[in-house]
Amino acid sequence: MSARERQQAQPPLPAGAPASEAAELDAAKRYEAVVPHWFYCKVTDSRERWVPFSSQDSERLEEAHGSGRDKEDLVVPTSGGRYDVHLKKRQRVAVYWEEEVSEVRRCTWFYKGDKDNKYIPYSETFSEELEEAYMIAVTLDEWKKKLESPSREIIILHNPKLMVHYHPVATSDDWGSTPTEQGRPRTVKRGVENIAAEIPNGEPLQIDHLVFVVHGIGPACDIRFRSIIQCVNDFRNVSLSMLQAHFKKAQEQQQIGRVEFLPVNWHSSLHSTGVDVDLERITLPSINRLRHFINDTILDVFFYNSSTYCQTIVDTVASEMNRLYQLFLQRNPLFKGGVSIAGHSLGSLILFDLLTNQKAAPEEDEHSEEGSRTTSSNRGTEDVKEILKNLELSEYCDVFEKEKMDRQALFLCTEKNLKEMGIPLGPRMKILHYISSKMEMQDQSAAAPGHSGERGAEPGSPLQRDPDSTDDGSNCQYRDVGLGQVSANYPQLNYKPTIFFAFGSPIGMFLTVRGVKRINPNYSLPTCKGFFNIFHPFDPVAYRIEPMIVPDLEFEPMLLPHHKGRKRMHLELKEGLTRMSVDLKNNLLGSLRVAWQSFTRAPLPAVEAASTDAEAEAEAGVEKQPDPKPDEAPAAVKEEASLINVGRLNGGNRIDYVLQEKPIESFNEYLFALQGHLCYWESEDTVLLVLKEIYQTQGITLDQPLPGSQ
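Figured I'd write up the structure that's included with this text. (Residues numbered from 1 in each chain as written. Predicted model: local features only at pLDDT ≥ 70, side-chain atom pairs only at ≥ 80, totals over all residues. Heavy atoms only, no water.)

**Section: the overall build of the chain**
Next, step 1: A tally of regular secondary structure across the chain gives 23 helices and 19 strands.
Next, step 2: When the 710 residues of the chain are sorted by exposure, 42% land in the buried category.
Next, step 3: Long-range contacts, defined as pairs at least 24 residues apart, comprise 71% of the intrachain contacts of the chain with a sequence gap of at least 6.
Next, step 4: A total of about 39900 Å² of accessible surface is found on the chain, and carbon and sulfur atoms cover 53% of it. (Helix = DSSP H or I, 4+ residues; strand = E, 2+ residues; numbered from the N terminus. Buried < 20%, exposed > 50% of the residue type's maximum accessible area, 1.4 Å probe, protein only. Contact = heavy atoms within 4.5 Å. Areas by Shrake-Rupley, 256 points an atom, 1.4 Å probe, with all protein chains shown as cover.)

**Regarding the packing of aromatic side chains**
Next, step 1: Here the structure, examined in full by the defined rule, presents 22 aromatic pairs.
Next, step 2: An angle of 45 degrees between the planes, with centres 5.3 Å apart, marks the rings of Phe-247 and Tyr-695 as tilted. In this pair, Phe-247 sits in the loop between α5 (228-246) and α6 (248-252) while Tyr-695 sits in helix α23 (residues 684-696), placing the two residues 448 residues apart along the sequence.
Next, step 3: Take Phe-247: its relative accessible area is 1%, and that puts it in the buried class.
Next, step 4: A network of ring pairs unites the aromatic residues Phe-235, Phe-261, Phe-503, Tyr-680 and Trp-681 as a single cluster.
Next, step 5: Note that Arg-92 overlies the ring of Tyr-40, its terminal NZ or CZ placed 3.8 Å from the centroid.
Next, step 6: Stacked on the ring of Phe-555, the Lys or Arg Arg-544 has its end atom at 5.2 Å from the ring centre. (Phe/Tyr/Trp six-rings, centres within 6.5 Å; stacked < 30°, edge-to-face > 60°. Lys NZ or Arg CZ within 6 Å of the ring centre and 35° of its normal.)

**Topic: the nonpolar core**
Next, step 1: If you look at the biggest cluster of nonpolar residues, it comprises 107 residues, and the most contacted ones within it are Phe-212, Met-321 and Phe-500.
Next, step 2: Residue contributions to this core peak at ten residues, all from helix α10 (residues 307-331).
Next, step 3: Residues in contact with Phe-212, not counting those within four places in the same chain, are Leu-262, Val-264, Met-321, Leu-324, Tyr-325, Val-339, Ser-340, Ile-341, Ala-342 and Tyr-495.
Next, step 4: Counting residues in hydrophobic clusters, the runner-up holds 18 residues, among them Val-384, Leu-388, Leu-391 and Leu-418. (Core = buried A, V, L, I, M, F, W, Y, C linked by side-chain atoms within 4.5 Å.)

**A word on the packing of α10 against helix α11 (residues 346-356)**
Next, step 1: One can describe the packing of α10 onto α11 by two numbers: an axis separation of 11 Å at closest approach and a directional angle of 80 degrees. In this view, α10 runs roughly perpendicular relative to α11, as classed from their interaxial angle. Where α10 abuts α11, its residues Ile-313, Val-314, Val-317, Ala-318 and Met-321 lie against Ile-350, Leu-351 and Leu-354.
Next, step 2: Residues that form the contact of α10 with α11 fall into these classes: eight nonpolar, no polar and no charged. (Axes fitted to C-alpha atoms, helices over the stretch in contact; angles between N-to-C directions. Parallel < 35°, antiparallel > 145°, perpendicular 65-115°, else oblique. Nonpolar A, V, L, I, M, F, W, Y, C, P; charged D, E, K, R; others polar.)

**Notes on the pattern of salt bridges**
Next, step 1: Taken as a whole and judged by the stated rule, the model has 27 salt bridges.
Next, step 2: Residue Arg-323 pairs with Glu-320 through a salt bridge whose shortest N-O separation is 2.8 Å. Separated by three residues within a single helix, Arg-323 and Glu-320 lie in helix α10, roughly one turn from each other.
Next, step 3: Accessibility expressed as a relative area gives 37% for Arg-323, which makes it partly exposed.
Next, step 4: With relative accessibility at 19%, the residue Glu-320 sits in the buried group.
Next, step 5: A salt bridge links Asp-353 to Arg-514, with the shortest nitrogen-to-oxygen separation between them at 3.0 Å. Here the residue Asp-353 occupies a position in helix α11, and Arg-514 occupies one in helix α17 (residues 507-514), the gap between them amounting to 161 residues. There is no split in this pair, since Asp-353 and Arg-514 are both buried. (Salt bridge = Lys/Arg side-chain N within 4 Å of Asp/Glu carboxyl O.)

**A few points about unusual backbone geometry**
Next, step 1: In this structure, Asp-141 takes a positive phi of about 55 degrees despite not being glycine.
Next, step 2: Checked against the element boundaries, Asp-141 lands in the loop between α4 (124-140) and β9 (145-148).
Next, step 3: Residue Ser-345 is not a glycine yet carries a positive backbone phi of 60 degrees.
Next, step 4: Position of Ser-345 relative to the elements: it lies in the loop between β15 (338-344) and α11.
Next, step 5: Since its relative accessible area comes to 6%, Ser-345 is described here as buried.

**Observations concerning a nonpolar patch on the surface**
Next, step 1: On the surface, Phe-225, Ile-287, Leu-290, Phe-293, Ile-294, Ile-298 and Phe-302 cluster together into a nonpolar patch covering about 710 Å² of accessible area.
Next, step 2: The topology assignment puts Phe-293 in helix α9 (residues 288-304).
Next, step 3: Residue class for Phe-293 comes out partly exposed when judged on its relative accessible area of 40%. (Patch = residues over 30% accessible without salt bridge, like charges linked within 9 Å, V, L, I, M, F, W, Y side chains within 5 Å.)

**As for α11**
Next, step 1: In terms of residue burial, α11 counts as a mostly covered element, since eleven of its eleven residues are buried.
Next, step 2: For α11, the full list of buried residues reads Leu-346, Gly-347, Ser-348, Leu-349, Ile-350, Leu-351, Phe-352, Asp-353, Leu-354, Leu-355 and Thr-356.

**Things to note about the sheet that holds strand β2 (residues 47-52)**
Next, step 1: Spatially, the six strands line up as an open sheet ordered β2-β1-β6-β5-β4-β3, and their pairing is antiparallel. Edge positions in the open sheet fall to β2 and β3 (75-78), since each of these has one partner strand only. Along the sheet, successive strands turn relative to each other by an average axial angle of 30 degrees, direction set aside. (Pairing = 2+ DSSP bridges.)

**With respect to the pairing of strand β12 (residues 185-190)**
Next, step 1: Here β12 shows a buried face lined by Arg-186, Val-188 and Arg-190 and an unburied face lined by Pro-185, Thr-187 and Lys-189.
Next, step 2: As judged from the three bridges shared by strand β7 (residues 109-112) and β12, these two strands associate in the antiparallel manner. Counterpart to Tyr-111 in the pairing with β12 is Val-188.
Next, step 3: Strand direction decides the pairing type here: strand β11 (residues 162-166) and β12, joined by three bridges, are antiparallel. The partner of His-165 across the bridge, within β12, is Arg-186.

**Looking at the sheet that holds strand β14 (residues 258-264)**
Next, step 1: Read from one edge to the other, the open sheet built from seven strands follows the order β14-β13-β15-β16-β17-β19-β18, with strand pairing classed as parallel. Strands at the two margins of the open sheet, each flanked by one partner only, are β14 and β18 (558-559).
Next, step 2: In terms of strand pairing, strand β17 (residues 530-535) meets strand β19 (residues 656-658) through three bridges, oriented parallel. Paired with Phe-535 across the two strands is Val-658, which belongs to β19.
Next, step 3: Across the sheet, α11 is in contact with β13 (207-214), β15, β16 (499-503) and β17; its angle to β15 comes to roughly 135 degrees.

This is a description of form; function is not addressed.
Shown next, in the form of structure tokens:
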């Protein structure tokens with residue numbers, strides 16, 4: 001284009017303005033400085049991928065960069081405080097766990113890569129050269145600019161919309177000829193807004209609650225063989241989206257911020273003890289990959305049942321959680337929220353064993369002892385009255401109450417004591433016989449096979465069998481939940497967890513194998529008042545807890561509501577078809593019964609009229625009988641679910657929660673069994689339950705209650 005043509009293409013100049021000033025104004029209007037965005041390089045399986053920081057983090061980094069303090073080792077927290085960016089070194093460093101240091105770059109110019117068509121940022125120095133060339137080209141309207149990159153590649157700026165990057169030519173002569181623009185061209189883009197990068201949303205700065213997440217067996221935690229760090233990242237991301245969807249009102253009113261989830265890794269510490277070298281020496285050479293998988297994954301269960309390695313595991317988990325807690329408080333000095341813990345698979349069992357061996361604070365012990373004394377005293381007096389009533393000796397209640405006799409004192413009484421109280425011979429014999437029979441029952445229970453050498457409940461423990469109870473002896477099955485635990489010194493945590501969440505947990509199975517048949521309904525974890533056992537219906541590792549507390553009652557676990565507010569369509573369809581088949585079956589059987597009765601009845605004229613009335617009543621009764629069943633069943637189920645008392649392990653609330661399987665999973669349970677055990681990290685329903693229970697402790701509820709939730 002000639003100068004005259006360029007002049008004609010330019011917009012009209014302001015009236016009265018000098019030509020030089022108008023040209024500068026025109027150039028300033030046409031050129032706008034590029035807005036930089038900060039990226040970090042993430043390496044996965046030797047493949048580099050440049051990931052953008054959130055807008056908030058990028059603005060923070062740009063502000064620190066513009067302050068002129070880059071020469072200092074300025075540290076900027078990013079990603080919710082989980083990573084620090086060292087501005088001078090251009091490095092991104094993990095705060096709470098060990099991870100490879102990532103390169104950080106202030107990006108303005110990008111070119112399209114060869115393999116996955118993702119845009120890759122140029123180096124900061126070369127980006128400045130490109131920007132300067134672009135500014136000159138725009139200002140002077142002179143394009144076809146050629147630049148050579150540090151790697152001797154050619155970039156040509158054809159026009160603002162077309163900029164191309166050429167690979168260097170491999171051939172060169174002895175004269176050292178410069179590279180040309182031969183080869184496959186690659187697109188060049190200026191500014192992050194032109195590359196369609198998925199810039200993540202920033203996280204709220206306010207942290208309301210902290211949750212530590214402990215993994216199960218092996219180094220991989222999901223079907224894609226990702227680490228606990230990556231899985232917890234997914235869990236956290238899902239929680240942020242659930243907060244926006246279900247806690248929008250509380251967010252708008254600035255009542256809540258977010259929940260922080262931090263991973264706890266114990267597998268690497270266990271396998272760094274040298275045990276892998278010992279296993280390698282004795283492992284057979286055949287089916288090498290399978291044996292390596294077993295050594296690295298399945299054997300973690302056996303390690304936990306070894307006193308030597310169990311101590312290593314519980315020490316690692318407790319010390320890591322304490323370390324993370326202290327570090328978190330140092331970095332968040334204004335944090336006033338609570339702490340909860342979550343465990344997946346074997347990790348939930350490790351946490352359960354840790355929690356059962358925690359000790360409550362001394363002042364709490366004193367209060368609880370005083371309360372228990374008062375309660376037990378009142379309960380003891382009431383129990384004595386109940387015993388006397390069962391023995392048909394209610395008229396002597398006033399005598400025992402006057403003497404302040406509770407159950408313990410009653411069982412210490414001798415015949416002489418009862419005689420001194422003025423109890424006649426007959427009632428004395430009844431009371432003494434009752435005491436002796438109860439003591440014999442206690443002795444038989446203590447001498448039962450399998451009790452010797454096992455760890456029992458400590459005196460005063462809520463799980464200890466009460467020998468003086470007036471029940472039928474079912475309490476004999478109450479055993480300490482610590483029964484059968486591997487002998488280890490369980491460390492104490494520096495905080496009291498608010499809630500314990502178990503995902504796909506084998507706790508119930510391990511307790512049963514250890515010899516715990518029943519859990520006392522009065523038992524609760526010493527320092528943690530909340531406990532939720534969450535599982536997928538096809539999870540082969542998960543077991544229930546509630547039947548161990550209420551073994552005589554059959555009832556279903558609580559169905560976890562879908563995060564969109566209803567049951568999945570295929571489950572509703574299945575229930576509808578089941579209800580329809582029951583109705584058809586009942587109606588068909590009723591009709592056949594009436595027909596058979598009509599066919600087999602002898603025709604007696606004397607009673608024909610009466611039989612006709614009886615048949616009408618029978619038919620009406622048969623027709624009416626099946627009708628209420630489908631209607632009554634859901635009501636009974638709902639009433640049963642709400643009235644079931646599952647003890648104090650979760651503060652009187654339900655413990656077992658089952659997820660709804662996806663439609664494709666319902667076709668074959670076996671195909672999706674493994675997926676069922678590894679699905680919790682990306683399960684919106686699981687995350688929503690965790691958030692709901694955590695914020696419920698702060699008096700904050702969902703925008704709209706989900707159907708079927710407590």
